[in-house]
Amino acid sequence: MAFFIGIGSDRILIEDTTVDEGEIELATAEGYAVVHGTVGVEISDGKAIRSGDVLGADTVALEKGSVRIDFFSGAQIYLEGPAELEVRSAWEAELRSGKMRANVPPAARGFIVESNGRRIVDLGTEFGVDTNAEEVKVEVFSGKIELEDRELVKGEAVSLTRDGKTTPIGSSIESFSSLFSIASGLSDSTKASFRNWLKYSDELSRDSRLIGYYPFKEKIAGNEYWVPSGIFPEDGELDGAAVLAEWVDGRWGSLKGAMEFRRPGARVRVNIPGEFSAFTFACWARIDSLDRRYNALFLADSFQQGEPHWQIRNDGVLMIGILVDDDRPKNAQMLDASRQNYRGPWANRNYFSPSIWDMSMSGQWLHLASVYDPANRRVAHYVEGEMVSEHYIEDDYFVETLKIGNGEIGNWGQPFRKDPEFAIRNLNGRIGELAIFDAALTGAEIAQIYSKGRE
């Protein structure tokens, strides 16, 4: 038995099957908190920290910048560097040094912050802690907290020392002002970072090698379905059309847009005419989950000779495939030994990276790039500006002339099919910027695009 369900304007065929719950393997993850956002962060231990990172029993050591950490209990901590915070559980953290602000809703009442051996128990409130080797300064901005020897309410502040003394002090709320400003994610450093990207995006738009550029800066008032091309000089023929895809916040929050493809039919339709000698695809993507066997980044519609499919497999593998017509007789519908190249009346060669994504990276912005370079018989994949794999183009899979024509960002709908059934390959996540070049960019050029677009 089968039935259809509707999602927006989509209808999906569902098989009616009965599954023993004991046979279902549930996905699991570990952690007590998640990084909600960062502003100008530098980490003292050399480890990167980014939006979407899941934290277990981890220590966050900031040299500079600010970070918001959302605990699974519901508590939120804003940490300003230089500072060091240890996550102990979903209900407890230790501030070893530096300054933090806690926002604890009623559902997280009982959340504990320890600092210099002193315990602060939140009773549903907002408070700040400033710690150094000699003392811990605590101030309540709203609500109430509990110390070992007293309770504090809104407007009260104390100094705590290791010997157990608690001394009332005057308010120093001004010293926490920067931690209030990052709550909006629009601090001065965020705005400066966004302005730097705008300048670079303008420079990039003038690169003569660009054949497609979609920076998703902002939607057009009154026409949110129109997706402007970012190439200069402007060419309206390269503009895209959003189908079910939604404009959402991008890498700098509300300062910049992105396109979300969470619904099965969501996509951005584009047309990129011409013949090309090489491809470089580069994008900023925020992956929430890899729900499909294949999750689209950019795919040509028909997949004819020289046309690309760029996507991510459900095991986190980045892949690019180029179709190659092959007139030499072959056994129809045969796969080669690696089971990655279909050889029938045509041949398709896919090039795979190692796995570059797992669920712990959900919600995190990543820069991805893939280069297809027939002249040098080379394919390469890049993540965060660094090459993760390199491949040789064999004679059987060499194609000199490349093309795109009609294609889609974030999905593959095959709109010229004669029946209504379509493959579901929408990316469950967001794309914040996509650039396509008629050139094989060098590793240094890809690293520069990444560094100029970092948060």
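The rules behind these values
Residues numbered from 1 in each chain as written. Predicted model: local features only at pLDDT ≥ 70, side-chain atom pairs only at ≥ 80, totals over all residues. Heavy atoms only, no water. Helix = DSSP H or I, 4+ residues; strand = E, 2+ residues; numbered from the N terminus. Buried < 20%, exposed > 50% of the residue type's maximum accessible area, 1.4 Å probe, protein only. Contact = heavy atoms within 4.5 Å. Areas by Shrake-Rupley, 256 points an atom, 1.4 Å probe, with all protein chains shown as cover. Polar contact = N/O pair within 3.5 Å; in protein donor to acceptor, adjacent residues only side chain to side chain. Phe/Tyr/Trp six-rings, centres within 6.5 Å; stacked < 30°, edge-to-face > 60°. Lys NZ or Arg CZ within 6 Å of the ring centre and 35° of its normal. Salt bridge = Lys/Arg side-chain N within 4 Å of Asp/Glu carboxyl O. Core = buried A, V, L, I, M, F, W, Y, C linked by side-chain atoms within 4.5 Å. Pairing = 2+ DSSP bridges. pLDDT = per-residue confidence, 0-100.

A closer look at the overall build of the protein chain
Counting secondary structure elements, the protein chain contains three helices and 33 strands. Taking all 455 residues of the protein chain together, 51% fall into the buried category. Within the protein chain, contacts between residues separated by at least 24 positions form 56% of all contacts whose residues are at least 6 apart in sequence. Counting every atom, the protein chain has about 21,300 Å² of accessible surface; 48% of that belongs to carbon and sulfur.

Quick notes on the side chain of Arg101
With respect to the helices and strands, the residue Arg101 is situated in strand S7 (residues 92–103). Its relative accessible area of 5% is what places Arg101 among the buried residues. A distance of 2.5 Å separates a polar atom in the side chain of Arg101 from a polar atom in the side chain of Glu126.

A closer look at the environment of Arg50
Along the chain, Arg50 turns up in the loop between strand S3 (33–43) and strand S4 (54–55). Separated by 14 residues in sequence, Arg50 and His36 have C-alpha atoms that sit 8.3 Å apart. If near-sequence neighbours (up to four positions away) are discounted, Arg50 is found in contact with Val35, Thr38, Gln364, Leu366 and Glu384.

A look at the packing of aromatic side chains
Scanning the model with the defined rule gives 11 aromatic pairs in all. Relative to Phe111, the ring of Phe71 lies with its centre 5.0 Å away and its plane at 70°, an arrangement referred to as edge-to-face. One end of the pair, Phe71, is in strand S5 (residues 59–71); the other, Phe111, is in the loop between S7 and strand S8 (112–115), and 40 residues separate them in sequence. With respect to class, Phe71 is no different from Phe111; both count as buried. Ring geometry for Phe276 versus Phe279: centroids 6.1 Å apart, planes at 55°, classification tilted. Exposure remark for Phe279: the relative accessible area of 0% places this residue in the buried category. A cation sits over an aromatic face here: Arg206 above Phe232, 4.0 Å from the ring centre. The lysine or arginine in question, Arg349, covers the ring of Tyr397, its NZ or CZ lying 6.0 Å from the ring centre.

Brief notes about the pattern of salt bridges
Counted under the stated rule, the structure contains 31 salt bridges. For the salt bridge of Arg209 with Glu445, the shortest nitrogen-to-oxygen distance reads 3.1 Å. Highlighted residues: Arg209 in the loop between helix H2 (188–204) and strand S16 (210–214) and Glu445 in helix H3 (residues 443–452), separated in sequence by 236 residues. Residue class for Arg209 comes out partly exposed when judged on its relative accessible area of 28%. When salt bridges with common partners are traced through the structure, they connect Glu84, Glu86, Arg88, Glu92, Glu94, Arg96, Glu114 and Arg119 into a single cluster.

Focus on the nonpolar core
If you look at the biggest cluster of nonpolar residues, it comprises 68 residues, and the most contacted ones within it are Phe298, Trp310, Leu368, Tyr372, Ile409 and Ile431. Ranked by residues supplied to this core, first place goes to strand S22 (residues 279–289) with six residues. Ile431 has contacts with Phe216, Ala258, Met259, Phe261, Cys283, Trp284, Ala285, Leu297, Trp365, Ile409 and Gly410, leaving out every residue within four places of it along the chain. Judged by nonpolar contacts, the second largest core, of 35 residues, contains Ala75, Ala83, Ala93 and Val138.

A word on the pairing of strand S23 (residues 294–300)
With six of seven residues buried, S23 lies mostly within the body of the structure. When S23 meets strand S24 (residues 308–313), the two strands line up antiparallel, connected through five bridges. Residue pairing across strands places Leu299 opposite His309, the latter belonging to S24. Note: S23 against strand S32 (residues 402–409), three bridges, orientation antiparallel. Within the sheet, the bridge partner assigned to Ala300 lies in S32 and is Gly407.

Structural notes on the confidence of the model for the protein chain
Interpreting fine coordinate detail is not advised for predicted regions of low pLDDT. Put simply, the protein chain has an average pLDDT of 83, and 83% of its residues get 70 or more. Taken together, the stretch residues 328–340 has pLDDT below 50 and engages in 22 contacts with residues farther than four places along the chain or on a different chain. This model gives residues 342–346 a pLDDT under 50, and the stretch forms 22 contacts once residues within four places in sequence are excluded.

Regarding unusual backbone geometry
With an omega dihedral of 0°, the bond running from Gly81 to Pro82 counts as a cis peptide bond. Along the polypeptide, Pro82 turns up in strand S6 (residues 76–89). Between Phe232 and Pro233 the backbone carries a cis peptide bond, its omega angle lying at 0°. Note on placement: Pro233 falls in the loop between strand S17 (226–227) and strand S18 (240–243). Positive phi, close to 50°, is recorded for Asn116, a residue that is not glycine. Assignment of secondary structure puts Asn116 in the loop between S8 and strand S9 (118–122). Not every positive phi belongs to a glycine, and Arg377 is a case in point at roughly 50°.

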